[in-house]
Amino acid sequence: MRILRKYTNRRLYDTSRSCYVTLEDVKQLVLNGENFQVQDSKTGNDLTRNILLQIISEQEAEGHGTLLTNQVLQQLIRFYGDSMQGMMSQYLEQSIAAFLEHQDRIREQMQTMMGAANPLTMMGRFADQNMAVWNMFAPKPGESAPEAEEKASEEAKDTPADDAAKDDKPKF
């Protein structure tokens, strides 16, 4: 486990690399899944939660879209001191763990849903259909445009409805 020491000047020192680090560096440790602990340089108290909360606060303020809305934060505050506080903490941990386990499937479902409702995707499908119809009437290589028109009109005449109209006898 990496040990980071927090000094009174608010600087963080990485004891394993023997250098000062920023909150961005600590965020990268989290993203890389590295185990670390932040300790107060004088008392040795664990300050990891405080640093993680500070990183979350900065992420929320940067405008990347809020994960913790005002309503969620208010609900969390209401759980402090409540008899259900311990259960809520476990529930949140388990819910996030389950979400992470199924993250790929959730992403696929969201992409499927968004793709179906995406106007550009729909326009692409319509364009493909229109091109298929257009290509039915386009001349084949080595065939002139009038020949293609004549062939298409002959194919249109050979439909069953036209055959029924040609016969004098009604078909049942």
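Residues numbered from 1 in each chain as written. Predicted model: local features only at pLDDT ≥ 70, side-chain atom pairs only at ≥ 80, totals over all residues. Heavy atoms only, no water.

A. Representation of the side chain of Thr48 within the structure. On the secondary structure map, Thr48 appears in helix α2 (residues 48-61). By relative accessible area, Thr48 is classed as buried at 12%. At 2.9 Å, the side chain of Thr48 forms a polar contact with the backbone nitrogen of Val38. With residues up to four places along the chain from it excluded, the contact list for Thr48 reads Phe36, Gln37 and Val38. (Helix = DSSP H or I, 4+ residues; strand = E, 2+ residues; numbered from the N terminus. Buried < 20%, exposed > 50% of the residue type's maximum accessible area, 1.4 Å probe, protein only. Polar contact = N/O pair within 3.5 Å; in protein donor to acceptor, adjacent residues only side chain to side chain. Contact = heavy atoms within 4.5 Å.)

B. Examining the nonpolar core more closely. Counting residues in each nonpolar core, the largest one holds eleven residues, listed as Leu4, Leu12, Val21, Leu23, Val26, Leu29, Phe36, Val38, Leu47, Ile51 and Ile55. Elements represented by at least two residues in this core include exactly α1 (23-31), β4 (36-40) and α2. Sequence-distant contacts of Ile55, that is, excluding residues within four places in its chain, are made with Leu23, Val26 and Lys27. (Core = buried A, V, L, I, M, F, W, Y, C linked by side-chain atoms within 4.5 Å.)

C. Up close: the side chain of Asp14. Assignment of secondary structure puts Asp14 in strand β2 (residues 12-14). Accessibility expressed as a relative area gives 1% for Asp14, which makes it buried. Here the side chain of Asp14 touches Ser16 through a polar contact of 2.8 Å, side chain to side chain. Setting aside residues no more than four positions away along its own chain, Asp14 makes contact with Arg2, Ile3, Leu4, Cys19 and Val21.

D. Broad picture of the layout of surface pockets. By volume, the largest pocket amounts to about 1,700 Å³. Lining the largest pocket are 34 residues, and of these Leu53, Ile56, Leu67, Leu68 and Ile96 lie nearest its centre. Going through the elements one at a time, α1, α2, α3 (70-79) and α4 (85-101) are the ones with two or more residues in the lining of the largest pocket. (1 Å grid on protein atoms, 1.4 Å probe; cavity = no way out; pocket = protein on both sides within 12 Å on 5 of 7 lines; lining within 4 Å. Points joined across faces, edges and corners; volume = space filled by probe spheres on them.)

E. Up close: the packing of aromatic side chains. Inspection of the entire model under this criterion finds two aromatic pairs. With 6.4 Å between their ring centres and 75° between their planes, Tyr7 and Tyr13 make a pair best called edge-to-face. With relative accessibility at 32%, the residue Tyr7 sits in the partly exposed group. Taking relative accessible area as the criterion, Tyr13 reaches 22% and is therefore assigned partly exposed. (Phe/Tyr/Trp six-rings, centres within 6.5 Å; stacked < 30°, edge-to-face > 60°.)

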